4 protein chains.
Amino acid sequence: MGMISFCQFGAGRIGSIHAANLAAHSDARLHTIVDTDRDAAERLAKRYGAAVGDQAKALADPAIDAVLIASSTDTHADLVEAAARAGKAIFCEKPLDLDRRRAKACAAVAEECRVPLMVAFNRRFDPNFARLESELRAGRIGSPEILRITSYDPAPPPIEFVRRSGGLFRDMMIHDLDMACWLLGEEPVELFAAASVLVEPAIGEAGDVDTAVVTLRMKSGVLCQIANTRRAVYGYDQRIEVLGSKGGLSAENVVESTVVFSGAEGVVGDKPLPFFLQRYADAYRRELDHFVTAVAGGTAPLVGAKEGIRALALADAAAESARTGRPVAL
Amino acid sequence: MGMISFCQFGAGRIGSIHAANLAAHSDARLHTIVDTDRDAAERLAKRYGAAVGDQAKALADPAIDAVLIASSTDTHADLVEAAARAGKAIFCEKPLDLDRRRAKACAAVAEECRVPLMVAFNRRFDPNFARLESELRAGRIGSPEILRITSYDPAPPPIEFVRRSGGLFRDMMIHDLDMACWLLGEEPVELFAAASVLVEPAIGEAGDVDTAVVTLRMKSGVLCQIANTRRAVYGYDQRIEVLGSKGGLSAENVVESTVVFSGAEGVVGDKPLPFFLQRYADAYRRELDHFVTAVAGGTAPLVGAKEGIRALALADAAAESARTGRPVAL
Amino acid sequence: MGMISFCQFGAGRIGSIHAANLAAHSDARLHTIVDTDRDAAERLAKRYGAAVGDQAKALADPAIDAVLIASSTDTHADLVEAAARAGKAIFCEKPLDLDRRRAKACAAVAEECRVPLMVAFNRRFDPNFARLESELRAGRIGSPEILRITSYDPAPPPIEFVRRSGGLFRDMMIHDLDMACWLLGEEPVELFAAASVLVEPAIGEAGDVDTAVVTLRMKSGVLCQIANTRRAVYGYDQRIEVLGSKGGLSAENVVESTVVFSGAEGVVGDKPLPFFLQRYADAYRRELDHFVTAVAGGTAPLVGAKEGIRALALADAAAESARTGRPVAL
Amino acid sequence: MGMISFCQFGAGRIGSIHAANLAAHSDARLHTIVDTDRDAAERLAKRYGAAVGDQAKALADPAIDAVLIASSTDTHADLVEAAARAGKAIFCEKPLDLDRRRAKACAAVAEECRVPLMVAFNRRFDPNFARLESELRAGRIGSPEILRITSYDPAPPPIEFVRRSGGLFRDMMIHDLDMACWLLGEEPVELFAAASVLVEPAIGEAGDVDTAVVTLRMKSGVLCQIANTRRAVYGYDQRIEVLGSKGGLSAENVVESTVVFSGAEGVVGDKPLPFFLQRYADAYRRELDHFVTAVAGGTAPLVGAKEGIRALALADAAAESARTGRPVAL
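Note that the structure is predicted; figures quoted are calculated from it, not measured.

**Q** Tell me about the interface of chain B and chain D, and name the residues and values.
**A** Contacts between chain B and chain D engage 22 residues on the former and 22 residues on the latter. Looking at the side of chain B facing chain D, the largest losses of area belong to Thr 258, Val 259 and Phe 261 of chain B, adding up to 32% of the total buried there. For the interface between chain B and chain D, the tally reads two salt bridges. The partner of Asp 270 of chain D in a salt bridge is Arg 131 of chain B, and the shortest N-O contact between them spans 2.2 Å. Our count for the contact surface shared by chain B and chain D stands at 12 residue pairs in polar contact (both at pLDDT 80 or more). Secondary structure elements with two or more residues in the side of chain B that touches chain D: helix H6 (127-137), strand E12 (247-251) and strand E13 (259-263) of chain B. Residue composition of the side of chain B that touches chain D, by class: nine nonpolar, eight polar and five charged. The pairing of E12 of chain B with strand E13 (residues 259-263) of chain D spans four bridges and is antiparallel. Its bridge partner being in E13 of chain D, Ala 251 of chain B is matched across the sheet by Val 259 of chain D.

**Q** Describe unusual backbone geometry, and please don't skip the residues or the numbers.
**A** Apart from glycine, the bulk of residues carry a negative phi angle, and the bulk of peptide bonds sit in the trans form. The step from Lys 94 of chain B to Pro 95 of chain B runs through a cis peptide bond, and the omega angle for that step is -10°. By secondary structure assignment, the location of Pro 95 of chain B is in the loop between strand E5 (89-93) and helix H5 (100-112). Located in the positive-phi region is Arg 114 of chain C, a residue other than glycine, with phi close to 55°. Mapped onto the elements, Arg 114 of chain C comes out in the loop between helix H5 (100-112) and strand E6 (117-120). Of the residues examined, Arg 114 of chain C reaches a relative accessible area of 76% and is grouped as exposed.

**Q** Explain the pattern of salt bridges to me, and be specific about the residues and the numbers.
**A** Note on pairing: side chains with opposite charge can pair once their charged atoms come close. Within this structure, the stated rule accounts for 96 salt bridges over all chains. Put simply, Glu 81 of chain B and Arg 102 of chain B hold a salt bridge, and the shortest N to O gap is 2.8 Å. With Glu 81 of chain B in helix H4 (residues 76-85) and Arg 102 of chain B in helix H5, the pair connects residues that are 21 residues apart, well separated along the chain. The residue Asp 171 of chain D makes a salt bridge to Arg 230 of chain D at a minimum N-O spacing of 2.9 Å. Here the residue Asp 171 of chain D occupies a position in helix H8 (residues 168-184), and Arg 230 of chain D occupies one in the loop between strand E10 (223-229) and strand E11 (237-244), the gap between them amounting to 59 residues. Exposure remark for Asp 171 of chain D: the relative accessible area of 15% places this residue in the buried category. The class of Arg 230 of chain D is buried, set by a relative accessible area of 2%. One continuous salt-bridge network, built from bridges that share partners, spans Asp 78, Glu 81, Arg 85 and Arg 102 of chain A.

**Q** So what about the interface of chain A and chain B? Which residues, and what values?
**A** The figure often quoted for interface size is the accessible area lost as the parts come together. If you look at the interface, chain A gives 42 residues, while chain B gives 42 residues. Between chain A and chain B, the buried area comes to about 3200 Å², and carbon and sulfur atoms account for 55% of it. The tally of links between chain A and chain B comes to four salt bridges. We note a salt bridge from Glu 145 of chain A to Arg 231 of chain B, for which the minimum N-O separation is 2.6 Å. Put simply, chain A and chain B have 17 residue pairs in polar contact (both at pLDDT 80 or more) between them. Elements that contribute at least two residues to the side of chain A that touches chain B include exactly strand E7 (144-152), strand E8 (188-196), strand E9 (211-218), strand E10 (223-229), strand E11 (237-244) and strand E12 (247-251) of chain A.

**Q** So what's going on with the relation of the copies chain A and chain B? Residues and values would help.
**A** The second copy of the chain is related to the first by a rotation about an axis and a shift along the axis. By a simple turn and slide, chain A fits onto chain B: the slide is 0.0 Å along the axis, the RMSD is 0.0 Å, and the turn is 180°. Between the two chains, the operation in question is that of a two-fold axis. Using C-alpha coordinates, one finds that chain A approaches the rotation axis most closely at Arg 326 of chain A, a distance of 3.4 Å.

**Q** Describe the sheet that holds strand E6 (residues 117-120) of chain D, listing the residues and the values that go with them.
**A** Residue and element names in this part refer to chain D. Ordered by their spatial adjacency, six strands build an open sheet running E3-E2-E1-E4-E5-E6, and the pairing between neighbours is parallel. Bordering the open sheet on either side are strand E3 (51-52) and E6, each of which pairs with just one other strand. Relative to E6, strand E5 (residues 89-93) runs parallel, the two sharing four bridges. Note on E6: the bridge partner recorded for Ile 90 is Leu 117.

**Q** So, the relation of the copies chain B and chain D: which residues are in play, and what are the values?
**A** When chain B is brought onto chain D, the operation consists of a screw motion whose angular component is 180° and whose axial shift is 0.0 Å, with 0.0 Å RMSD remaining. Both copies contact each other with a shared surface, as 100% of the interface residues of chain B are interface residues in chain D too.

**Q** Help me get a handle on the packing of aromatic side chains, residues and values and all.
**A** Residue and element names in this part refer to chain A. All chains considered together, the criterion is met by 26 aromatic pairs over all chains. Measuring from ring centre to ring centre gives 6.4 Å for Phe 129 and Tyr 280, while their planes differ by 50°; the resulting arrangement is tilted. You can see Phe 129 sitting in helix H6 (residues 127-137) and its partner Tyr 280 sitting in the loop between helix H10 (276-279) and helix H11 (281-297), a full 151 residues away along the chain. Here Tyr 280 falls in the buried class, since its relative accessible area comes to 0%.

**Q** If you had to explain the packing of helix H1 (residues 13-24) of chain D against helix H11 (residues 281-297) of chain D to someone new, which residues and values would you point to?
**A** Residues and elements named next belong to chain D. Here H1 crosses H11 at 60°, and the two axes come no closer than 10 Å. By the angle between their directions, the pair H1 and H11 is classed as oblique. Between H1 and H11 lies a crossing whose hand is right-handed. Contact residues: Ile 14, Ile 17, His 18, Asn 21 and Leu 22 in H1; Tyr 284, Arg 285, Glu 287 and Leu 288 in H11. Counted by class, the contact of H1 with H11 contains five nonpolar, two polar and two charged residues.

**Q** So what's going on with the side chain of Lys 88 of chain D? Which residues, and what values?
**A** Residues and elements named next belong to chain D. The topology assignment puts Lys 88 in the loop between helix H4 (76-85) and E5. Within the structure, Lys 88 has its side chain in polar contact with the backbone oxygen of Asp 61 (distance 2.9 Å). Lys 88 has contacts with Ala 58, Leu 59, Asp 61, Pro 62, Ile 64, Asp 65, Ala 66, Val 67, Ala 83 and Val 115, leaving out every residue within four places of it along the chain.

**Q** Got a sec to walk through helix H6 (residues 127-137) of chain C? Specific residues and values, please.
**A** Residue and element names in this part refer to chain C. Residues Asn 128, Phe 129, Ala 130, Leu 132, Glu 133, Glu 135 and Leu 136 constitute the buried set of H6. The backbone nitrogen of Asn 128 lies 3.1 Å from a side-chain oxygen of the residue at the head of H6, namely Asp 126. Looking one or two residues beyond H6, the residue adopting positive phi is Gly 139, at roughly 80°.

Reading the values: the criteria
- Residues numbered from 1 in each chain as written.
- Chains lettered and ligands numbered in written order.
- Predicted model: local features only at pLDDT ≥ 70, side-chain atom pairs only at ≥ 80, totals over all residues.
- Heavy atoms only, no water.
- Contact = heavy atoms within 4.5 Å.
- Buried area = accessible area lost by both parts, 1.4 Å probe.
- Salt bridge = Lys/Arg side-chain N within 4 Å of Asp/Glu carboxyl O.
- Polar contact = N/O pair within 3.5 Å; in protein donor to acceptor, adjacent residues only side chain to side chain.
- Helix = DSSP H or I, 4+ residues; strand = E, 2+ residues; numbered from the N terminus.
- Nonpolar A, V, L, I, M, F, W, Y, C, P; charged D, E, K, R; others polar.
- Pairing = 2+ DSSP bridges.
- Buried < 20%, exposed > 50% of the residue type's maximum accessible area, 1.4 Å probe, protein only.
- Least-squares fit on C-alpha atoms with pLDDT ≥ 70 in both.
- Phe/Tyr/Trp six-rings, centres within 6.5 Å; stacked < 30°, edge-to-face > 60°.
- Axes fitted to C-alpha atoms, helices over the stretch in contact; angles between N-to-C directions.
- Parallel < 35°, antiparallel > 145°, perpendicular 65-115°, else oblique.
- Left-handed = near helix turned anticlockwise from the far one by under 90°.

As structure tokens, then:
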């Protein structure tokens, strides 16, 4: 298998990133774009020399090897099933579905059809976090004991987004819950969440929270703390630190530039990159590259339905713990 | 009131620090040292030109204005009561007592006798944490929303120390619990702790834990995460960060020197100062200075029995939460 | 003018970078590659869907709008003249020629033929240095007073390269001399150089130096210090700092990752990116983008023959000063 | 020899520091203070329980072992000679005299009288610089190749001070010239200086400069760059970096606190300590301690007249080079 030919579903913000990365990839080709917003699909298709298509034809087209699902969350599960049945390799934005049973069902179809299915947890592919993980794996700090994840958005999303997002735990913390399991290489046995509405009362009115902290206890007794907020005015704050028996490892923020100003007000460095499009630009390239390499080589992608469903289960548990005020056994 | 004349109880490790600071203070005098280890008392007394005395005489001596209690924890409450009844101002190492009722009882005596009583939470006087607090107070980051405290010892204490320490929560995390209340300026309403034995099995056999994380929810909904371990091989890791509505503030570690080496293995900065004697050397000076100034000026020290007892209550709650696996309402 | 169509001369290390950037640019097209090493030209051409051509035909081809000269230094001046006479816009790797008169002569031809000529001083397009420059220009530190440039290669080049390089001053420091003029926005009036052979005796035997420092005095009295070495074992050390009447600005190294390890040996951050291909990857993209935009818009590129010749004159003066031990008036 | 008893000459700004350090030193005693400003002497004497005396009596007093000379520069040489003839050990603030012959003459007297004479180059005793030196000495970066010293004052001194200071090179850069020789452990053979008046026209009118850079070539070919200015608005900027065959070492600024603010304007760390009193507080303690230990132990202090005179000679050469525009062979 040489060049992998893609049909991409979704031509919005995240779709634009994937389309650019597909176009630039030496072993991938952006064959067709499908979006209910025909204009958006056409703009993107034109830019990268792709066709605009519809789902049925695209999935029936033997020239297409793989699908990249970057459409709205409520379409993911159906697309996964349809693509699986058409025998296409599947790269799907997280989550498979906000409903865990639906997610499991569509994953089962993919498994049955024996097509590769990758769930795009982009942070695993951030070069800094990936480097931290490889150091951990290599035993640089011995056995991990305490993991701490900082994950702050720069500003709250529009309230309509909040309403259909599944809530902070399923939309935002799901990434951190996946990272915790991946970095520690084991399963959590207990979870406790505390959450507040401190940033935006409208978020509370919509039934969600905007500030949350979670404690995970892993099977081995290792402890993990996660903190999320919808607003850090200085930018997208994405850091991880791990303490182990032989030392500590941290991955610090990526800043806009290395320029430092020294003046009467202090020594001023640049802010973290503003949001995920900038911070995870490399991660988006690298996750796609991982998928293309896996599909081309006939191996399974390293993060699939199982990981997507586990993270969703943890997010559900966190939401429950925050609501009931009690820890949840897993 | 000009020069404040002190009788110091305790000539051990922490006593040596206080004696040196008393000797160097322009408005204080180290008059008498009392210790059951007569040799230790004499060594220290000789070094700073003080007398060696016994408790009864010292408390009866009108030339003595104040006592500094740096003897073993189980003597604190009795000494506080005796000193209070003798009308001396009291500077007492934390905790007043490991038993909260006993602590309250001795505090009540001090109050009755109307003597100033300061409980020495040294970290409030660390210049970096004090600076963070004053920035917070001044509104630099607006309303605080998430507070995170890192407090890692470099190496576990001897197992005999562990046995009589009251446990990690009462011995070690009590500092962080006090800091959380002080920095946020409000009371916690709920606490959840998770703890493990990951560092030293003997600590577990002694009935204690060596790794612990705590979540506090404050009255206003502000959230706080604390992490403790008995071992960070790179030194004494003491950091605080707060996120607020208008930005973030952090106090980073104090390092051994500003020397940086760049070589094949990376860019290597110096480690944090090794332990509390070095890291909090300034804090010990500043807390004593605060007490001397308060006593000389006839004002109450800013941290007294109330704060000491509150921190103890939180530590007890944390121990309970870790034991039962349930959050504790406060 | 829409898409700019390029003929690229040179398919070596630097040519590969430019070819990739041309291929990825939305307004440029890599039409033809010319190299005396036909295999190298073919490999690159195949990768990016370009043709392999020869100089005469390519320059005669009206489908080609611009040339990118990335061949060996001794071919630059001839190619500039030939391309100018063919009416092509010219992007030329520095230097135009190691001989200043030859450089001037070819620049004169380009001027006569009224074709745009850009000399590729890549560092001006590094995002960090560009940011520092824009802060300087915006007056953030008032009037500059002292500029200091650190420019250390990771390891000495092969001795054959040293022999035909024109020497450290013309090959390496020429970049820093250009940066000094650009950042300070004025001309130097005096230069003093001191140089040694400390890294590699063979470099001395080849008549060159491997370690050098230069002092520039600018017309206004502003002072500038540059330091160069052929070996910094920790990587490519590229930093700039400026002190001004209202503060200081520095651009620090770009590191391989933000991962930090804390252990018994200290707090270890990652090394600077290893060499120019990595460190200036963005700069190569940005300089090409600047040229394409300038050509497409009919404006002159911001760095041309004049700047190239000035930097060469300063490098010659530095070599002279190092040889004679005397300052050179400019 | 147990306790070393001092007569201190000078009760001004720098005298206050030395008096406090003498008073706090366990092996030293501040016996007598002499100052032409009797009130100043009395204030200081009272604070530390010392006597106020006059020069003749103090030098004749057998109870006095050592003198600490912190009076105005023009009195140093005479005091050194008088103290030497009285057999006292001598700790003298730099310089011995602004005139090199006078400095040599007084040093000769001290040598003749066989009294220890230390010239107080405080920076050698800064813990960070001392740490850098010991790493260098231990071979951590192999052979040094390029040394760079940044030494910026926060604000220009009063113009009357400038007039009697001996000029920037003798007053300010003398420290850096001493550091260069000390750190590199060898003698310079050539020096080139360039200087400007950029900060304060009145400094130029007084015949001095306020901005200067110097290049030193050491005997082995190692190169050194020094930069000085009378004004860095963000504080006292005191940094050193060395590149060697096996890596680099730098000593960074010491900051006011470790508190970092992250906000819309960036990530803001604290400024460097404001000026020498704060930055070199530890250095003043450590240099005195070194002298006391040397005198008590009968060994020669590590920095004496020879080093003081060498630094003065280099400062004179720098002033000459800046005036003539030519390098000076040493």
